[in-house]
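Next come the chains, spelled out residue by residue.
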There are 2 protein chains.
Amino acid sequence: MPDRLRTHIEKILPLSDEEFEYISSCFTYKKYKKHQFLIQEGEAVPYNYFVLKGLLKLVYTDEAGKEHIVGFAMEDWWETDFSAYYQNQKATMSLECIEDTEVLCLTLADYRKICSIHPKMEHFFLEKAYMGFISAQQRIISTMTTGIKERYEQLLEKYPSLVQRVPKSLLAAYLGVSRETLSRLPL
Amino acid sequence: MPDRLRTHIEKILPLSDEEFEYISSCFTYKKYKKHQFLIQEGEAVPYNYFVLKGLLKLVYTDEAGKEHIVGFAMEDWWETDFSAYYQNQKATMSLECIEDTEVLCLTLADYRKICSIHPKMEHFFLEKAYMGFISAQQRIISTMTTGIKERYEQLLEKYPSLVQRVPKSLLAAYLGVSRETLSRLPL
């Protein structure tokens, strides 16, 4: 299973066996069942998660109790309530399994250790952060300028396997429409 | 003027005089008048800009020709069409001065040189990238869950001096409402 992490990191930079041995020793493996929570709103966020297997949703619940899907995560994606994780605050979002899920967990202290012992890993995390920022900015633009049908089609084009695996009701919550509206679209 | 850059970087990490001398030698100083463009849609994006003085808007224009404000930038902020800059593509957005503006410009090649000669600068850029990602994600959540009045108040709380300086018509375009709707709100 750590092989998946090594392949993932080596898409950006090469690692020696020794380097990877140290890096992977900083992660903890955990396994969750569908519907279990990795992060619950109001609690501490000790980990950033690298997904080995499974599917998750990052959810923000508004004051009226309505669930908004901030993002999904599946194999090879990183996910956490990043603002809470990085700034040592309580979670404002929850992270819940849509399928049985296996993850590698990284604490902020171990993340800092990795970067201090192997500074080139800052380059890896910087690439990931830039890609996350670009995706978030593209989603802002898409929400401002594009209709639901086009946003569904963009999602399908960018992440075909995600759209196949995620229940339609959750896709609707991600796109900000009701399940009924989504099913009435000529998709 | 480069002192402003040094103070800005040293909020995150200390620099020796030699380190800062090299880093600042990688930037080019430019001055623009109100209404001039730093980036125009469809053109190359050679620079990431550090704002020394002034106020800018990052704009996405949709197919119907309607302007959507993706973001603002003022003193000490970094701004560019980041996706185009980092991936060497043509701009999909434009960056235009709302006030007379002075910036320090950094090419991607010089950015890479800085990181390779002073690897600790990757830590600085990583911090900036995380903050950009957190802001973008908070804006996505805010757009999904919050009314215009609350979003205006959040903006005012987070960036009081920005809200004072930006014309109301541009704030309305940032919030995704008409100037009339914004002025009818009980703010």
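Quick caveat: nothing in here was measured; it's all calculated off a predicted structure.

### A look at the confidence of the model for chain A
At step 1: Across chain A, the average pLDDT comes to 93, with 98% of residues at or above 70.
At step 2: If you check the scores for this complex, the pTM reads 0.90 and the ipTM reads 0.88.

### Focus on the relation of the copies chain B and chain A
At step 1: Mapping chain B onto chain A is achieved by rotating through 180° and translating by 0.0 Å along the same axis, at an RMSD of 0.0 Å. With respect to symmetry, the two chain copies, as superposed, fit the operation of a two-fold axis. The rotation axis passes nearest to the C-alpha of F133(B) in chain B, at a distance of 2.3 Å.

### Digging into the UniProt feature "domain: Cyclic nucleotide-binding" (unreviewed entry) in chain A
At step 1: Taken from the UniProt record, the annotation "domain: Cyclic nucleotide-binding" (unreviewed entry) applies to residues 15-114 of chain A.
At step 2: Strand forms 43% of residues 15-114 of chain A and helix 21%; the C-alpha atoms that close the span are 13 Å apart.

### Some remarks on the pattern of salt bridges
At step 1: Counting across every chain of the model gives 22 salt bridges over all chains.
At step 2: The salt bridge partner of D17(A) is R6(A), with a shortest N-O separation of 2.9 Å. Highlighted residues: D17(A) in helix α2 (residues 17-25) and R6(A) in helix α1 (residues 2-10), separated in sequence by 11 residues.
At step 3: Under the relative-accessibility criterion, D17(A) is labelled exposed at 51%.
At step 4: Across the salt bridge formed by R6(B) and E10(B), the nearest N and O atoms sit 3.6 Å from each other. Of this pair, R6(B) and E10(B) are both found in helix α1 (residues 2-10), four residues apart, which corresponds to roughly one turn of the helix.
At step 5: Several salt bridges share partner residues, and in doing so they unite R6(A), E10(A) and D17(A) into one network.

### Considerations on the sheet that holds strand β5 (residues 67-74) of chain A
All names here are of chain A.
At step 1: Pairing within the open sheet is antiparallel, and its four strands lie in the order β2-β7-β4-β5. Each edge of the open sheet is held by one strand with a lone partner, namely β2 (37-39) and β5. Direction aside, neighbouring strands of the sheet carry axes that sit 30° apart on average.
At step 2: Two elements, strand β4 (residues 55-61) and β5, share seven bridges in a ladder whose sense is antiparallel. In the sheet register, L55 faces β5, and the bridge partner there is M74.

Quick notes on the rules
- As a convention, each chain's residues are numbered from 1 in the sequence order in which they are written.
- Whichever chain is written first becomes A and whichever ligand is written first becomes 1, with later ones labelled in order.
- Given that the model is predicted, a residue must reach a pLDDT of at least 70 before its local features are reported, and side-chain atom pairs must reach 80 or more before they are shown or counted; all residues, however, enter totals for whole chains, interfaces and linings.
- The basis for every side-chain value is the complete set of non-hydrogen atoms in the structure, without hydrogens or water.
- By definition, pLDDT measures how confident the predictor is in each residue, and it falls between 0 and 100.
- Only residues with pLDDT of at least 70 in both copies contribute their C-alpha atoms to the least-squares superposition of the copies.
- UniProt positions are given in the numbering used here, feature names are shortened, and annotations may be inferred rather than shown by experiment.
- A run of H or I in DSSP becomes a helix once it reaches four residues, and a run of E becomes a strand once it reaches two; helices and strands are each numbered from the N terminus.
- By definition here, a salt bridge exists when the distance from a side-chain nitrogen of Lys or Arg to a carboxyl oxygen of Asp or Glu is within 4 Å.
- Buried means the residue's accessible area, taken with a 1.4 Å probe over protein chains only, is under 20% of the maximum for its type, while exposed means over 50%, and partly exposed covers the values in between.
- Pairing between strands is defined by DSSP: at least two bridges between them are needed.
- To obtain an axis, a line is fitted to C-alpha atoms, over the contacting stretch when the element is a helix, and the angle between two such axes runs from 0 to 180 degrees between their N-to-C directions.

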